[in-house]
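The primary structure of each chain is shown beneath.
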Amino acid sequence: MSTSSERWVPPSSPRDIPHLQEVEVQHVSHWNDPYELRIDNWIEPWDFGSDLDVGLITVPSSKTSIKHNGAFAAPNALRDARYLHTTYTPDYDVDLASLKVREIGDVAVPVLDLREGITHIQDSLRGCFSQPEGFFPIVIGGDHAVTAPSVRAYCESHPSQQVGLIHFDAHNDVRVLDHGPTNGTPIRGILTSGVRVSGNNLVQIGIHGFMNASHYKRWVEGHGGTIYTGRQCRKLGIEEVTRQAVDIAGRGTDAIYVTVDIDVLELGYAPGTAAATPEGLHPNDLFEALFVLGQDPKVAAIDFVEMDPYRDVAEITTRTLNSAMLTFMAGLFLRMHDGWCGYDRTPIIDD
């Protein structure tokens, strides 16, 4: 029998990465057309021995949300919806089938000590980012509080790198830390933690109207950050905003970390999140930006956060976020394969 002083310790991973567990849910589609590879049959758990290109690390945590939030359930909801997607996109004419994408595991986070939970996330992600295989990490939250420990973990595992930050969000996320780290504080938590991320290399994209304080806008700009509101994105065009963002985040840096809060989207396309509003981006604008960022050689890690499946309607947000991740991977595929689209384009006359 355990005593009150004992703590539950999650089982270790095959390589003793702290607080990492096997993924909770895995799907296999029994029906699969021989020419149409489904995502749930394509993404497999990593065996910690074979080569891989992309590692998915999931952090099912949302106790750090300012308001009630079911984002802890996002990783499993995204897995449940993968059966709809295939590896090919005609929009970008890329087939991801040969890209080796593996589930690394779920990060176990205690629910009674939120500060300890942030430490667990940072320790676990540092272990994942330090694996000798050198895969591209995609972190899936959970709420936005996971981003600060994720960026710090990346910086700790790459101590010689200066890191830029591109942040898609409805909010500036620089609220005060008086109440501890929350999903409203990750950007402040990064810039004030002493890691090699300068405010001069911070770009915030899609910030919504009537969702922030003028004080926080001035705080971001006072630390050298650049802000593009949703309205500015519409007026300038997402291609130009993305070009400028890459230039700013990449100035004097060795790597760029990208964080995507799904509430950056217009409310009608993201009902499954706690704080989207009509001032947001259209999903196609987010997809275009992510496709470009996936191809950029400095982009070294990305996270996707704040999807709440309990608020979602007809899986609108779930499907949109899966499409966003896959579109980023399409750009990454072109980067890794020198522009090869992933399949033979020769027309098929008869089969």
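Residues numbered from 1 in each chain as written. Predicted model: local features only at pLDDT ≥ 70, side-chain atom pairs only at ≥ 80, totals over all residues. Heavy atoms only, no water.

Asker: Give me the lowdown on the overall build of the protein chain, citing residues and values where you can.
Answerer: Looking only at helices and strands, the protein chain features 10 helices and 12 strands. A globule of 351 residues ought to have a C-alpha radius of gyration of about 20 Å, and the protein chain, at 19 Å, matches this closely. If you line up the protein chain on its principal axes, its C-alpha atoms span 65 × 65 × 45 Å. Per-residue burial for the protein chain yields a buried fraction of 56% across its 351 residues. Entry remark: accessible area of the protein chain is about 15,700 Å², with carbon and sulfur atoms responsible for 51%. Here the protein chain contributes 27 positive and 47 negative side-chain charges, whose respective centroids are spaced 9 Å apart. (Helix = DSSP H or I, 4+ residues; strand = E, 2+ residues; numbered from the N terminus. Rg over C-alpha atoms; globule rule 2.2 N^0.38 Å. Buried < 20%, exposed > 50% of the residue type's maximum accessible area, 1.4 Å probe, protein only. Areas by Shrake-Rupley, 256 points an atom, 1.4 Å probe, with all protein chains shown as cover. Lys, Arg positive; Asp, Glu negative; His and termini not counted. Charge placed at Lys NZ, Arg CZ, Asp CG, Glu CD.)

Asker: Give a description of the nonpolar core that names residues and reports values.
Answerer: Counting 57 residues, the largest nonpolar core has Ile138, Ile166, Phe168 and Ile205 as the members making the most contacts within it. Excluding anything up to four places from it in sequence, Phe168 contacts Ile205, Val258, Thr259, Val260, Asp261, Val264, Leu286, Ala289 and Leu293. Formed by 40 residues, the second largest nonpolar core is a distinct cluster that contains Ile57, Ile121, Val195 and Val305. (Core = buried A, V, L, I, M, F, W, Y, C linked by side-chain atoms within 4.5 Å. Contact = heavy atoms within 4.5 Å.)

Asker: Explain the packing of aromatic side chains to me, using residue names and the numbers behind them.
Answerer: A complete count under the given rule lists eight aromatic pairs for this structure. For the ring pair Trp46 and Phe135, a centre distance of 5.9 Å and an interplane angle of 70° mean the geometry is edge-to-face. Of this pair, Trp46 sits in the loop between strand 2 (44–45) and strand 3 (54–59) while Phe135 sits in the loop between helix 3 (114–129) and strand 7 (136–141); the two residues are 89 residues apart in sequence, bridging distant segments of the chain. Neither Trp46 nor Phe135 differs from the other in exposure class; each is buried. (Phe/Tyr/Trp six-rings, centres within 6.5 Å; stacked < 30°, edge-to-face > 60°.)

Asker: Please set out the pattern of salt bridges residue by residue, giving values where relevant.
Answerer: Enumeration over the complete set of coordinates arrives at 12 salt bridges. A salt bridge links Glu156 to Arg126; the shortest N-O distance between them is 2.6 Å. One end of the pair, Glu156, is in helix 4 (residues 147–157); the other, Arg126, is in helix 3, with 30 residues separating them in the sequence. Classification of Glu156 by relative accessible area gives partly exposed; the value is 36%. Between Arg311 and Asp308 there is a salt bridge, with its nearest N and O atoms 3.1 Å apart. A residue is classified by how much of its surface remains accessible, and Arg311, at 36% relative accessible area, is partly exposed. Assessed through its relative accessible area of 2%, Asp308 is described here as buried. Three or more residues are tied together by salt bridges with common partners; here these are Arg79, Arg82, Glu103 and Asp106. (Salt bridge = Lys/Arg side-chain N within 4 Å of Asp/Glu carboxyl O.)

Asker: Just give me the short version of the side chain of Gln122, but keep the residues and values in it.
Answerer: Position of Gln122 among the secondary structure elements: in helix 3. A polar atom in the side chain of Gln122 sits 2.8 Å from the side chain of Arg152. If sequence neighbours within four positions are ignored, Gln122 has contacts with Pro149, Arg152, Ala153 and Glu156. (Polar contact = N/O pair within 3.5 Å; in protein donor to acceptor, adjacent residues only side chain to side chain.)

Asker: Now, about the pairing of strand 8 (residues 163–168): what can you tell me, with residues and values included?
Answerer: Counting buried positions along strand 8 gives six out of six residues, so the element sits mostly inside the fold. A two-sided burial pattern is seen for strand 8, the buried positions comprising Val163, Leu165 and His167 on one face and Gly164, Ile166 and Phe168 on the other. As paired strands, strand 8 and strand 9 (residues 197–207) are joined by five bridges and run parallel to one another. Considered in strand 9, the bridge of Leu165 is made with Leu202. For the crossover from strand 8 across helix 5 (residues 186–191) to strand 9, the handedness is right-handed. Examined bridge by bridge, strand 8 and strand 11 (residues 255–261) share six bridges and lie parallel to one another. Residue Leu165 lies in a different strand from strand 11, and its bridge partner there is Tyr257. (Pairing = 2+ DSSP bridges. Right-handed = clockwise from strand over helix to strand, strands pointing away.)

Asker: Residue-level account of helix 4, with values.
Answerer: The element helix 4 is extensively covered by neighbouring structure, given that 10 of its 11 residues are classed as buried. Along helix 4, the residues classified as buried are Thr147, Ala148, Pro149, Ser150, Val151, Arg152, Ala153, Tyr154, Cys155 and Ser157.

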